[in-house]
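What follows is each chain in one-letter form.
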Amino acid sequence: MQQIVDYKNDAGNGYTNTLLCFMQLFVVSNRTNTYYFANNRNQHFAFNADEQFLPVYQLADEKNKKITHLDDFSDKFLAKCTLGEMISKYMVLVESEQKLLVMRPYQIYAVKAIVSCIHENRGNGYIWHTTGSGKTLTSFKASTLLKDNPDIEKCLFVVDRKDLDRQTREEFNKFQEGSVEENTNTETLVRRLLSTDYSDKVIVTTIQKLGLALDGNFRKENAQTYKERLEPLKNKRIVFIFDECHRSQFGDNHKAIKEFFPNAQLFGFTGTPIFDDNSSYKKVDGEMASYKTTEDIFQQRLHAYTITHAIDDRNVLRFHIDYFKGEGNVNPKPGEAISQQAVAKAILEKHDASTHYKRFNAGFCNGFY
């Protein structure tokens, strides 16, 4: 990889003045280990063996098992249809930075799973991809592919906070300028939902604005309610993609969406799905009570890429654990001030060593007494 960078930066080899400058994708291998990565301009193209500045990826199957040997890689990745699809569908130009991105295997499998589920009309589903794994790029690519699906009336990407609304919109527009517009209020959202313009087919909004739009009591001045105005969409095929769905889809909003859009398909992205052993939202069925899980809401898991996979791929930092044991013979109860003070003191004492003298300035702390 470093050799390719050196070739690219060598002014005397004609690399930037030949057809080689139009290459989109590199594959490098020593036969045992094989990697692929996107070509880019010099400012986005630098490799360091320790820091790995250049995003390089190894192929994996749908269960995240690595495919590293060149023979196996070639069979799966370099087949004509697969390679053509990779270049045409799963590479993204960040227009604002003139930077080319190639998607990671798990992102591609997630997009394919969503598109296939919609094409076959197989209900809802959720994507379990850990925090920091690039869910925004995955959801953007899924949305843009759905934009060209004539069977889909609208695709809504739904977030649960206003700041995430702005952040997601900016990220989408960074990938493709003008791909989504701002919904300043619920009225704007309703107008764009009713619009037939191609530019309004993908909409980014908050769950709060969507909830108001489906509330039969809200209207603009003396006009029809928002809900009445949306009646023409009632039986259309609408796709909802929820960011961090474990936070936003366990209340009345989910029920309102399903009731008003019976033909809708709902897909959720989450890094922390709710299972039976960590659920806290109770559902009651007759006299039996149990707790709602992510699968209760979204029916099926379409793909998983967990924290352990991300650590193995060096997408996120590994956990470093420091064990703490109090001094003396006193065993204070959990939550007592003296326990909290002792833990806080130990964290401060270890801070410089743990953060490489503040080179990294975030930490996750959990105390066990």
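Computed from a prediction, not measured in an experiment: that's the story for all the values here.

1. Some details on the overall build of the chain
Working step 1: When you go through the chain residue by residue, the secondary structure sums to 14 helices and 14 strands.
Working step 2: Sorting the 369 residues of the chain into buried and exposed places 41% on the buried side.
Working step 3: Summarising the internal contacts of the chain: among those between residues at least 6 apart in sequence, 66% fall at separations of at least 24.
Working step 4: Accessible surface computed for the chain: about 21500 Å², of which carbon and sulfur atoms make up 49%.

2. Overview of the sheet that holds strand 10 (residues 238-242)
Working step 1: Spatially, the six strands line up as an open sheet ordered 9-8-10-11-7-14, and their pairing is parallel. A strand with exactly one partner marks an edge of an open sheet, and here the two such strands are strand 9 (202-206) and strand 14 (301-305). Ignoring strand direction, the axes of neighbouring strands in this sheet form an average angle of 15°.
Working step 2: In this structure, strand 7 (residues 125-129) lies alongside strand 14, joined through four bridges in parallel fashion. The residue bridging H129 from the neighbouring strand is Y305, located in strand 14.
Working step 3: Helix-sheet contacts for helix 7 (residues 186-194) involve strand 8 (154-159) and strand 9, and the interaxial angle to strand 9 is about 155°.

3. Overview of the nonpolar core
Working step 1: Core analysis: the largest hydrophobic core is formed by 41 residues, its most contacted members being V102, I114, V239, I241 and F267.
Working step 2: Considering each element in turn, this core owes the most residues, seven residues, to helix 4 (residues 105-119).
Working step 3: Every residue in contact with I114, bar those within four places of it in the chain, is listed here: I127, A142, F267, F269 and L302.
Working step 4: Judged by nonpolar contacts, the second largest core, of 26 residues, contains L156, A264, L266 and I297.

4. Focus on the environment of A304
Working step 1: Considering the arrangement of structural elements, one finds A304 in strand 14.
Working step 2: Residues A304 and I127 lie 177 residues apart in sequence; the distance between their C-alpha atoms is 6.2 Å.
Working step 3: Those residues in contact with A304, other than ones at most four positions away along the chain, are N64, W128, H129 and H309.

5. Quick notes on the pattern of salt bridges
Working step 1: With the rule as written, the count across this model stands at eight salt bridges.
Working step 2: When the shortest N-O distance is used, the salt bridge between E85 and K89 registers 3.8 Å. With E85 and K89 both in helix 3 (residues 80-89), this residue pair falls four residues apart, about one helical turn.
Working step 3: The exposure class assigned to E85 is partly exposed, which follows from its relative accessible area of 25%.
Working step 4: Residues joined by salt bridges that share partners form a network here, namely E85, K89 and K112.

6. Details of the pairing of strand 1 (residues 25-29)
Working step 1: In the sheet, strand 1 pairs with strand 2 (residues 34-38) via five bridges, with the strands oriented antiparallel. Bridge assignment links V27 to a residue of strand 2, and that residue is Y36.
Working step 2: Counting the residues that bridge the hairpin from strand 1 to strand 2 gives four residues, and of these R31 lies at a positive phi of roughly 80°.

7. Thoughts on unusual backbone geometry
Working step 1: One non-glycine residue, N64, lies in positive phi territory at about 70°.
Working step 2: Its location among the elements puts N64 in the loop between strand 3 (59-60) and strand 4 (66-67).
Working step 3: The buried category is assigned to N64, whose relative accessible area is 11%.
Working step 4: Phi at Q299 is positive, roughly 75°, even though this residue is not glycine.
Working step 5: Counting through the fold element by element, Q299 comes out in the loop between helix 12 (294-298) and strand 14.

8. Some words on the packing of aromatic side chains
Working step 1: Counted under the stated rule, the structure contains 10 aromatic pairs.
Working step 2: Three or more aromatic residues joined by ring pairs make a cluster, and in this case those are F240, F242, F260, F261 and F298.
Working step 3: Lying over the aromatic face of Y198, K147 brings its terminal NZ or CZ to 4.8 Å of the ring centre.

9. A look at the environment of F260
Working step 1: When you line up the elements, F260 lands in helix 11 (residues 252-260).
Working step 2: Using a relative accessible area of 2% as the deciding quantity, one classes F260 as buried.
Working step 3: For F260 and L214, which are 46 residues apart along the polypeptide, the C-alpha to C-alpha distance reads 7.6 Å.
Working step 4: Residue contacts for F260: discarding those within four places in its chain leaves L214, K227, L230, E231 and K234.

10. Digging into a nonpolar patch on the surface
Working step 1: Taken together, the side chains of I307, F319, I321 and Y323 define a hydrophobic patch exposed on the protein surface, amounting to about 500 Å² of accessible area.
Working step 2: As for its position among the elements, I321 is in the loop between helix 13 (307-312) and helix 14 (337-354).
Working step 3: We classify I321 as exposed; its relative accessible area is 55%.

11. Quick look at the packing of helix 4 against helix 5 (residues 135-147)
Working step 1: Their axes nearest at 9 Å, the elements helix 4 and helix 5 cross at an angle of 35°. Two packed elements cross with a definite hand, and for helix 4 against helix 5 that hand is right-handed. Here Q107, A110, V111, I114, V115 and I118 of helix 4 come into contact with helix 5, specifically with L137, T138, K141, A142, L145 and L146.
Working step 2: Taken together, the residues of the contact of helix 4 with helix 5 sort by class into nine nonpolar, two polar and one charged.

Rules behind the numbers
Residues numbered from 1 in each chain as written. Predicted model: local features only at pLDDT ≥ 70, side-chain atom pairs only at ≥ 80, totals over all residues. Heavy atoms only, no water. Helix = DSSP H or I, 4+ residues; strand = E, 2+ residues; numbered from the N terminus. Buried < 20%, exposed > 50% of the residue type's maximum accessible area, 1.4 Å probe, protein only. Contact = heavy atoms within 4.5 Å. Areas by Shrake-Rupley, 256 points an atom, 1.4 Å probe, with all protein chains shown as cover. Pairing = 2+ DSSP bridges. Axes fitted to C-alpha atoms, helices over the stretch in contact; angles between N-to-C directions. Core = buried A, V, L, I, M, F, W, Y, C linked by side-chain atoms within 4.5 Å. Salt bridge = Lys/Arg side-chain N within 4 Å of Asp/Glu carboxyl O. Phe/Tyr/Trp six-rings, centres within 6.5 Å; stacked < 30°, edge-to-face > 60°. Lys NZ or Arg CZ within 6 Å of the ring centre and 35° of its normal. Patch = residues over 30% accessible without salt bridge, like charges linked within 9 Å, V, L, I, M, F, W, Y side chains within 5 Å. Left-handed = near helix turned anticlockwise from the far one by under 90°. Nonpolar A, V, L, I, M, F, W, Y, C, P; charged D, E, K, R; others polar.

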